Amino acid sequence: QVQLVESGGGLVQAGGSLRLSCAASGTIFSIHTMGWYRQAPGKQRELVAGITSSGTINYADSVKGRFTISRDNVKNTVYLQMNSLKPEDTAVYYCKAEVVRRHWGRAENYWGQGTQVTVSS
């Protein structure tokens, strides 16, 4: 099996910063894209940022210039540095990884349990 464990959420004032981490463990041959999603109350889950194994990155327009995604392929870990946080960034943040568990296997999506980020005004 594969587990994704997130950490780093919390309560911060507007304009502050937080850094989220998500570590994948278990039976892993390789990981393709890793990404962060968020879901606010009453809203659909949305992509925040994604990064491929070769380092190609994309961001949601709402976080461009404020958030930075990165990954450590040796540690199977993805990070999200969030600066200049706004109250509208308040949500549960989830990481997702496209994991290949064995050679010639197909990629499967795995999700973390979510971490709460609350930005007060």
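The coordinates are above.
Bear in mind that the values here come from a model prediction, so they are computed numbers and not experimental data.

A. Representation of the overall build of the protein chain. A count of helical and extended segments in the protein chain gives zero helices and eleven strands. Taken over C-alpha atoms, the radius of gyration comes to 14 Å for the protein chain, in line with the 14 Å a tight globule of 121 residues would show. Considering only C-alpha atoms, the protein chain reaches an extent of 50 × 25 × 25 Å along its principal axes. At a minimum sequence separation of 6, the contacts of the protein chain that also span at least 24 residues come to 56%. Of the roughly 6,500 Å² of accessible surface on the protein chain, a fraction of 48% belongs to carbon and sulfur atoms. Side chains of the protein chain carry 13 positive and 8 negative charges; the gap between the two charge centres is 3 Å.

B. Looking closely at the nonpolar core. Among the nonpolar cores identified, the biggest contains 30 residues, and Trp36, Leu80, Met82 and Tyr93 are the most heavily contacted of them. Mapped onto this core, the elements with two or more residues apiece are strand 1 (2-7), strand 3 (18-26), strand 4 (30-39), strand 5 (46-51), strand 7 (67-72), strand 8 (77-82), strand 9 (91-100) and strand 11 (115-120). The element best represented in this core is strand 9, accounting for five residues.

C. Layout of the packing of aromatic side chains. Scanning all chains against the criterion turns up one aromatic pair. Just above the ring of Tyr79 sits the side chain of Arg19; from NZ or CZ to the centre is 4.2 Å. Taking NZ or CZ as reference, Arg45 lies 4.7 Å from the ring centre of Trp111, over its face.

D. Region of interest: the state of the cysteines. Evaluation of the coordinates by the stated rule reveals one disulfide. At a sulfur-sulfur separation of 1.9 Å, the disulfide partner of Cys22 is Cys95. When the S-S torsion is 45 degrees, as for the bridge of Cys22 with Cys95, the disulfide is right-handed. Taken as a pair, Cys22 in strand 3 and Cys95 in strand 9 lie far apart in primary sequence, 73 residues in all. Pair check on accessibility: Cys22 and Cys95 agree, each one buried.

E. Summary view of the pairing of strand 10 (residues 107-111). Here strand 9 runs beside strand 10; their pairing, made up of five bridges, is antiparallel. Bridge pairing in strand 10 links Ala97 to Tyr110.

F. Spotlight on the environment of Asn109. Relative to the assigned elements, Asn109 resides in strand 10. Residues Asn109 and Gln81, 28 residues apart in the sequence, show an inter-C-alpha distance of 23 Å.

The rules we used
Residues numbered from 1 in each chain as written. Predicted model: local features only at pLDDT ≥ 70, side-chain atom pairs only at ≥ 80, totals over all residues. Heavy atoms only, no water. Helix = DSSP H or I, 4+ residues; strand = E, 2+ residues; numbered from the N terminus. Rg over C-alpha atoms; globule rule 2.2 N^0.38 Å. Contact = heavy atoms within 4.5 Å. Areas by Shrake-Rupley, 256 points an atom, 1.4 Å probe, with all protein chains shown as cover. Lys, Arg positive; Asp, Glu negative; His and termini not counted. Charge placed at Lys NZ, Arg CZ, Asp CG, Glu CD. Core = buried A, V, L, I, M, F, W, Y, C linked by side-chain atoms within 4.5 Å. Buried < 20%, exposed > 50% of the residue type's maximum accessible area, 1.4 Å probe, protein only. Phe/Tyr/Trp six-rings, centres within 6.5 Å; stacked < 30°, edge-to-face > 60°. Lys NZ or Arg CZ within 6 Å of the ring centre and 35° of its normal. Disulfide = S-S within 2.5 Å. Pairing = 2+ DSSP bridges.

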